[in-house]
Amino acid sequence: MPTPAQEHDVETHDHDDKAQAPAPRTKHRHWRFVSDLVLLVCILFMLLWPWVFFGVVKGRHGIQMSNQLANKVARHPHQVGAIVTFIGTINRLIATLGQELIARNSPEDSPEATVFSISALLAFRHMTLVWGVRQWKNLVKGGSRLAVVALLLASLAALALIPSGTANLLTPVEFNKTAELRGEELDFDSDDPGCLTWFAQNCVMNDCDWEFYKDTPFRTCLGENQILDVLDSGRVNTAQMLSTIGINNQTSSLNQLGGAGGIRFLGSAKGALPIGPDGIPVFNLLDTEGNPFEVPAIRDGMVSYNYTLSQQGLETVVSCSRSDTSPVSYYPIEGLNSTLVISTNGTCDVADGLEQVLTNVTEYVTLNADNALTYWACKQSPSQDSLNPTYFVYLRGRLNYRESLGNITCRISPMRARDLDVAYHSLPRSFTSQAATTLGDTSQRPTYSPFTDWLLVGLGNVIWEGQNWASNIFAEAVLSMGTKNLNVSSFEPSDEHLRLFEAMI
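Let me sum up the structure you'll find in this document. (Residues numbered from 1 in each chain as written. Predicted model: local features only at pLDDT ≥ 70, side-chain atom pairs only at ≥ 80, totals over all residues. Heavy atoms only, no water.)

Side note on the overall build of the protein chain
Counting its secondary structure elements, the protein chain contains 15 helices and 18 strands. Restricting the contact set of the protein chain to residue pairs at least 6 apart, pairs at least 24 apart contribute 65%. Summing over all exposed atoms, the protein chain offers an accessible surface of approximately 29800 Å²; the carbon and sulfur share of this is 57%. (Helix = DSSP H or I, 4+ residues; strand = E, 2+ residues; numbered from the N terminus. Contact = heavy atoms within 4.5 Å. Areas by Shrake-Rupley, 256 points an atom, 1.4 Å probe, with all protein chains shown as cover.)

Let's talk about the side chain of Ser430
Structurally, the position occupied by Ser430 is in strand E17 (residues 430-435). Not counting the four nearest positions on each side in its chain, Ser430 is found in contact with Arg264, Leu266, Ala423, Tyr424 and His425.

Overview of the state of the cysteines
Summed over the entire model, instances satisfying the criterion amount to two disulfides. Put simply, Cys348 and Cys378 are joined by a disulfide, and their sulfur atoms are 1.9 Å apart. Looking along the S-S bond of the Cys348-Cys378 disulfide, the torsion reads about -85°, which is the left-handed sense. You can see Cys348 sitting in the loop between strand E10 (341-346) and strand E11 (354-356) and its partner Cys378 sitting in strand E13 (residues 371-380), a full 30 residues away along the chain. (Disulfide = S-S within 2.5 Å.)

Some remarks on the environment of Val230
Topologically, Val230 is positioned in helix H10 (residues 226-242). Along the chain, Val230 and Phe474 lie 244 residues apart, while their C-alpha atoms are 9.9 Å from each other. The residues touching Val230, leaving out its near neighbours within four places in the chain, are Leu222 and Val462.

Description of the pattern of salt bridges
Counted according to the given criterion, the structure contains five salt bridges. Ionic pairing is found between Lys379 and Asp453, a salt bridge with its closest N-O pair at 3.3 Å. Here the residue Lys379 occupies a position in strand E13, and Asp453 occupies one in helix H13 (residues 449-465), the gap between them amounting to 74 residues. Overall, the relative accessible area of 8% leaves Asp453 in the buried class. Through salt bridges with shared partners, a single ionic network connects Glu315, Arg416 and Arg418. (Salt bridge = Lys/Arg side-chain N within 4 Å of Asp/Glu carboxyl O. Buried < 20%, exposed > 50% of the residue type's maximum accessible area, 1.4 Å probe, protein only.)

Section: the side chain of Ser413
Tracing the sequence through the fold places Ser413 in the loop between strand E15 (407-412) and strand E16 (416-425). With a relative accessible area of 13%, Ser413 lands in the buried category. Within the local environment of Ser413, its side chain forms a polar contact with the backbone nitrogen of Val317, the two atoms lying 2.8 Å apart. If sequence neighbours within four positions are ignored, Ser413 has contacts with Thr316 and Val317. (Polar contact = N/O pair within 3.5 Å; in protein donor to acceptor, adjacent residues only side chain to side chain.)

Put into structure tokens, the structure is as follows:
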């Protein structure tokens, strides 16, 4: 048994220990508060920085990557998705690590998991219920406690959505920018003396030769290599006619006009000469001011682009019919002791108001083949109610073509200038052309009359040079399309052949 003095000493010693205990505990609480605050700031930073980044990008209407990086992103979309998902996963791991460190700093002698304790947050994350069913009523009675529970659930949802949310906010995407393009083009209905002089100097002739315009070579006729573009354009026009019966093949390539890889049209060009960075190079007269295509840094950074220009095109109406006679005649060539070739020409009846239209064309010397197609054209002087002369094209089939084609007369209405919306799409690398929606009637503007005359000269070159010993490729384009797509015999006359000739011309 201890003596009273000893008991006094023991009690005094214990009292001193209790008096000195609060000092280290207070220091520990201060350190835990500071560390928890730092960890909380880190957690909030990891939660918020993707949103801040997204807000800055959105506020600046997009931040353009370097051209090299943008090209890599465009070429490797799956790898980019994996990288941003990995960043989101790392983001969540850091936020979760901070949460765990806060939990380790909590007092070990915490009596129970309460709504105000970090243990509740951990319990929710580990999918365990910290309160019984009866305790929920007490939380409701607690007033603001239920709001705290909602806040805890929201924080847990935020932690769970960190990987996917970060990936969505950081994934690079394409963004659209717009600019106004202005420029100049050929004016088909101009009365400016300088424009008319240019037309006269660059007319379509019956004699094929090379001419240079702005260091770019062009043929002075529509024959020879230009015939490929003409026939392809005619094929597209017939395909548009056939689209009414479900046949769609409306892509054409104009390879003889220049441009990288040629110029492709979805549908008919409708007489438009496309300008712009992807149009006919020598006719690209877009203003450089405000033109993003003139800035290499911007042009190289374009993943894809579209542009639409209001341009001028040509439209006309062609109607073909058969007749018993034809103004086209055949003659043997004087001084040539051979029947392999013949001379063809035509007459324009002055009594009917017709006159010659084929400038510098007196005859066509063609092969005396079994499948021969010959051509002539006339024009009728304009009446008071007409803006331009009316043109007539005469086609005459010889020998075998006499049965299937016979004599065809096509009436061409006055050529008119029409405003078009010509659009270029970089992904399919093609143009589209459609009539512009404008106020008032703008389709009745007369065109430069000799311009249409020269086009008929060019059409004669196409038919003339398309003749070979086996057939005429202009006629065969019509006959084969009628047989293949319309189930029409190529050996018998048909009205479907007339509709195809209208589209080809």
